[in-house]
There are 2 protein chains.
Amino acid sequence: MLNYSTSEENYIKAIFHLQEANETVSTNALAQELLTRPASVTDMMKKLKTKKLIHYQPYQGFRLNTEGKKVALGIIRRHRLWEFFLSEKLKFEWGEVHEVAEELEHVSSKKLIDKLDEFLGYPKFDPHGDPIPDVHGRMEDHERISLFDLPLNVYAEVCHVANQSTEMLDLLKHKSIAIGTKLEVKRKFDFDNSLEVKIRQQSPVTISEQLAKNIFVKYGS
Amino acid sequence: MLNYSTSEENYIKAIFHLQEANETVSTNALAQELLTRPASVTDMMKKLKTKKLIHYQPYQGFRLNTEGKKVALGIIRRHRLWEFFLSEKLKFEWGEVHEVAEELEHVSSKKLIDKLDEFLGYPKFDPHGDPIPDVHGRMEDHERISLFDLPLNVYAEVCHVANQSTEMLDLLKHKSIAIGTKLEVKRKFDFDNSLEVKIRQQSPVTISEQLAKNIFVKYGS
DNA sequence: ATATATTTTTAGATTTGTCTAAATATTTAT
DNA sequence: ATAAATATTTAGACAAATCTAAAAATATAT
Ligand SMILES: [Mn+2]
Ligand SMILES: [Mn+2]
Ligand SMILES: [Mn+2]
Ligand SMILES: [Mn+2]
């Protein structure tokens, strides 16, 4: 497995995430994701094509090929293991881990990552509930459903938060919701689609439609 | 405190180490240390001068000013804390930590380093026995003496290893010597300046002049 | 189907960090 | 003191990653 520059890695990872939503990734979408210019994206796509990491025909969009996905999973593994480390061992807050992991992920020593994985006890999910690829790039993919779609009076556990902005995390903290929180939806109000949610041993809280659609849960107490 | 590029940081750190030995650092010495060309050093020295980190007059050599030393100590702090982490927590071997720390040291989040320091229990020395600067850049500077200069029959403890090549570490391992090893010199042979050294609860080993001059000890059992 | 708008690519420039080869300054030896 | 050797700097080039502005391709609307 070759080594890639920090910049190349950031592009590869972004394509990986974007192509989960859309079959093919566009120049503009990638430019927006990476806070860069379309012209810079085109330049980089030419390079990644030469390095045989993507399928790309001018004007046709692009997507990672098998090798590209393998590389992406390696970067995501590093990112999420560091996030776990920062949160679990260094007691960083939820919202602070991403930015630092964005740098740490580019330290490419394989031994470092595999030993870190071992040290952390082979965690399966990062602090945002995203699955951590193992040494072979495999990850658990638990079925999850948005809190908004959870039926009434069914126990479920928060396992993923889609948006990880400071604003979102502020709000979650205020509502006492985190990964692992057990809850059930008691009522849904048709007027504004807000939910009344009961968390164990707490009084019920109101969750807006927007927030509920960003919280994902799995069934079970 | 501004942020510096990886390349700038590597130059700054190298100057810091070189100016401990010589009053002023030369272009060639720095080029050799960094495995680069003298012309590249001159280019960078101009930049570091503009950024007010060094004293530099063309042809006169250079040295870090107060601000430059402060920056250097920050980089060294990061480097050595990561070395300690790799050795202590991830169980890396002595000889493997430096290369990885050389990359990790450039991740510049202050919070990351201060929390790492806390997590590690505020260690004072890295795995090679080098002192770790604290958050203010201060470090313990225990007086140490080379094993070669240690008087006969005086108990001492290994606290520093000057050379950290794989070859050196191989040899040290074979002789069962590490940071913290307690020993005393029993004899010195004038023919080749070799030493007979007694480590607690072990049979005596022979240490060459070259090796002894790279091992540093402090007095006391 | 044609005009308009949007997206993407190209052309050319810029910054950072590096290099080689040549010029210049300094040091050392005679 | 002069010549030779060594060290340092300058000049000019190059690769990586970015940008702006203009050109070209594609998509959309009438
Ligand atoms: Mn990144
Ligand atoms: Mn995450
Ligand atoms: Mn480094
Ligand atoms: Mn060290």
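Predicted model only: the values in this text are computed from it and were never measured.

**Here's the deal with the protein's contact with DNA strand C**
Turning to step 1, where the next piece is worked out: In the vicinity of DNA strand C lie 20 residues, with Tyr56 of chain A together with Ser5, Thr36, Ser40 and Lys47 of chain B positioned nearest.
Turning to step 2, where the next piece is worked out: Ser5 of chain B is positioned such that a nitrogen or oxygen atom in its side chain is 2.5 Å from a phosphate oxygen of DNA strand C.
Turning to step 3, where the next piece is worked out: Within the side chain of Arg37 of chain B, a nitrogen or oxygen atom sits 3.1 Å from a phosphate oxygen of DNA strand C.
Turning to step 4, where the next piece is worked out: Of all the secondary structure elements, the ones that give two or more residues to the surface near DNA strand C are α2 (27-33) and α3 (38-50) of chain A together with α1 (6-21) and α3 (38-50) of chain B.

**Quick notes on the coordination of the manganese ion (ligand 4)**
Residues and elements named next belong to chain B.
Turning to step 1, where the next piece is worked out: Protein-derived ligands of the manganese ion (ligand 4) are Glu83 (OE), Asp126 (OD) and His128 (ND1), with the metal-ligand distances lying across 2.1 to 2.3 Å.
Turning to step 2, where the next piece is worked out: Site description for the manganese ion (ligand 4): donor spacing in sequence, E-x42-D-x1-H. Here the residue Glu83 occupies a position in helix α4 (residues 66-88), and Asp126 occupies one in the loop between α6 (110-120) and β3 (145-146), the gap between them amounting to 43 residues. Considered together, Glu83 and Asp126 belong to a single accessibility category, that of buried residues.

**Some details on the protein's contact with DNA strand D**
Turning to step 1, where the next piece is worked out: Around DNA strand D there are 20 residues in total, and Ser5, Thr36, Ser40 and Lys47 of chain A together with Tyr56 of chain B lie nearest to it.
Turning to step 2, where the next piece is worked out: At 3.4 Å from a sugar or linking oxygen of DNA strand D is found a side-chain nitrogen or oxygen belonging to Tyr59 of chain A.
Turning to step 3, where the next piece is worked out: Between DNA strand D and Tyr56 of chain B, the relevant distance is 2.5 Å, taken from a phosphate oxygen to a side-chain nitrogen or oxygen of the residue.
Turning to step 4, where the next piece is worked out: Its residues assigned to classes, the surface near DNA strand D shows 8 nonpolar, 8 polar and 4 charged.

**Here's the deal with helix α5 (residues 97-104) of chain B**
Turning to step 1, where the next piece is worked out: Inspection of α5 of chain B places Val97, Val100, Ala101 and Leu104 of chain B among the buried residues, and these make up the whole buried set. Considered in projection along α5 of chain B, the buried side chains sweep an arc of 100° and stay on one side of the axis.
Turning to step 2, where the next piece is worked out: Buried positions along α5 of chain B lie against α4 (66-88), α5 (97-104) and α6 (110-120) of chain A together with α4 of chain B.

**Description of the interface of chain A and chain B**
Turning to step 1, where the next piece is worked out: The interface is formed by 20 residues belonging to chain A together with 20 residues belonging to chain B.
Turning to step 2, where the next piece is worked out: Here chain A packs against chain B, burying approximately 1700 Å² in sum over the two surfaces, 73% of which is carbon and sulfur.
Turning to step 3, where the next piece is worked out: For the chain A face of the interface with chain B, the top three residues by lost area are Leu90, Lys115 and Phe119 of chain A, together amounting to 28%.
Turning to step 4, where the next piece is worked out: The interface formed by chain A and chain B contains 2 salt bridges.

**What about the pattern of salt bridges?**
Residue and element names in this part refer to chain A.
Turning to step 1, where the next piece is worked out: What the rule picks out here adds up to 30 salt bridges over all chains.
Turning to step 2, where the next piece is worked out: The partner of Arg77 in a salt bridge is Asp114, and the shortest N-O contact between them spans 2.9 Å. Taken together, the residues span a long stretch of sequence, with Arg77 in helix α4 and Asp114 in helix α6 at a distance of 37 residues.
Turning to step 3, where the next piece is worked out: With relative accessibility at 6%, the residue Arg77 sits in the buried group.
Turning to step 4, where the next piece is worked out: The network of salt bridges with shared partners includes Arg77, Lys110, Asp114 and Asp117.

**A short note on the coordination of the manganese ion (ligand 1)**
All names here are of chain A.
Turning to step 1, where the next piece is worked out: Listed as protein donors to the manganese ion (ligand 1) are Asn10 (OD1), Glu102 (O), Glu102 (OE), Glu105 (OE) and His106 (NE2); their distances from the metal cover 2.1 to 2.4 Å.
Turning to step 2, where the next piece is worked out: Within one chain, the residues serving as donors to the manganese ion (ligand 1) are arranged as N-x91-E-x2-E-H.
Turning to step 3, where the next piece is worked out: Overall, Glu102 belongs to the partly exposed group, its relative accessible area being 23%.
Turning to step 4, where the next piece is worked out: For His106, a relative accessible area of 12% corresponds to the buried category.

**Section: the environment of Ile76 of chain B**
Turning to step 1, where the next piece is worked out: Looking at the element boundaries, Ile76 of chain B is found in helix α4.
Turning to step 2, where the next piece is worked out: With residues up to four places along the chain from it excluded, the contact list for Ile76 of chain B reads Lys13, Phe16, His17 and Pro133 of chain B.

**Describing the side chain of Ser146 of chain A**
Residue and element names in this part refer to chain A.
Turning to step 1, where the next piece is worked out: Residue placement: Ser146 occurs in strand β3 (residues 145-146).
Turning to step 2, where the next piece is worked out: Residue Ser146 is classed as buried on the basis of its relative accessible area of 8%.
Turning to step 3, where the next piece is worked out: Residues in contact with Ser146, not counting those within four places in the same chain, are Ala212, Lys213, Ile215 and Phe216.

**Some thoughts on the packing of α4 of chain A against α5 of chain A**
Residue and element names in this part refer to chain A.
Turning to step 1, where the next piece is worked out: Put simply, α4 and α5 touch, their axes get as near as 9 Å, and they point 130° apart. For the element pair α4 / α5, the angle class is oblique. At the point where α4 passes α5, the crossing takes the right-handed sense. Only Val97, His98, Val100, Ala101, Glu102 and Leu104 of α5 make contact with α4, whose side of the interface consists of His79, Trp82, Glu83, Leu86 and Ser87.
Turning to step 2, where the next piece is worked out: When grouped by side-chain class, the residues that make up the contact of α4 with α5 number 6 nonpolar, 3 polar and 2 charged.

Conventions we followed
Residues numbered from 1 in each chain as written. Chains lettered and ligands numbered in written order. Predicted model: local features only at pLDDT ≥ 70, side-chain atom pairs only at ≥ 80, totals over all residues. Heavy atoms only, no water. Near = heavy atom within 4 Å. Polar contact = N/O pair within 3.5 Å; in protein donor to acceptor, adjacent residues only side chain to side chain. Helix = DSSP H or I, 4+ residues; strand = E, 2+ residues; numbered from the N terminus. Donors = N, O, S within 2.8 Å, 3.2 Å for Na, K, Ca; no water. Buried < 20%, exposed > 50% of the residue type's maximum accessible area, 1.4 Å probe, protein only. Nonpolar A, V, L, I, M, F, W, Y, C, P; charged D, E, K, R; others polar. Arc of directions from axis to C-beta. Contact = heavy atoms within 4.5 Å. Buried area = accessible area lost by both parts, 1.4 Å probe. Salt bridge = Lys/Arg side-chain N within 4 Å of Asp/Glu carboxyl O. Axes fitted to C-alpha atoms, helices over the stretch in contact; angles between N-to-C directions. Parallel < 35°, antiparallel > 145°, perpendicular 65-115°, else oblique. Left-handed = near helix turned anticlockwise from the far one by under 90°.

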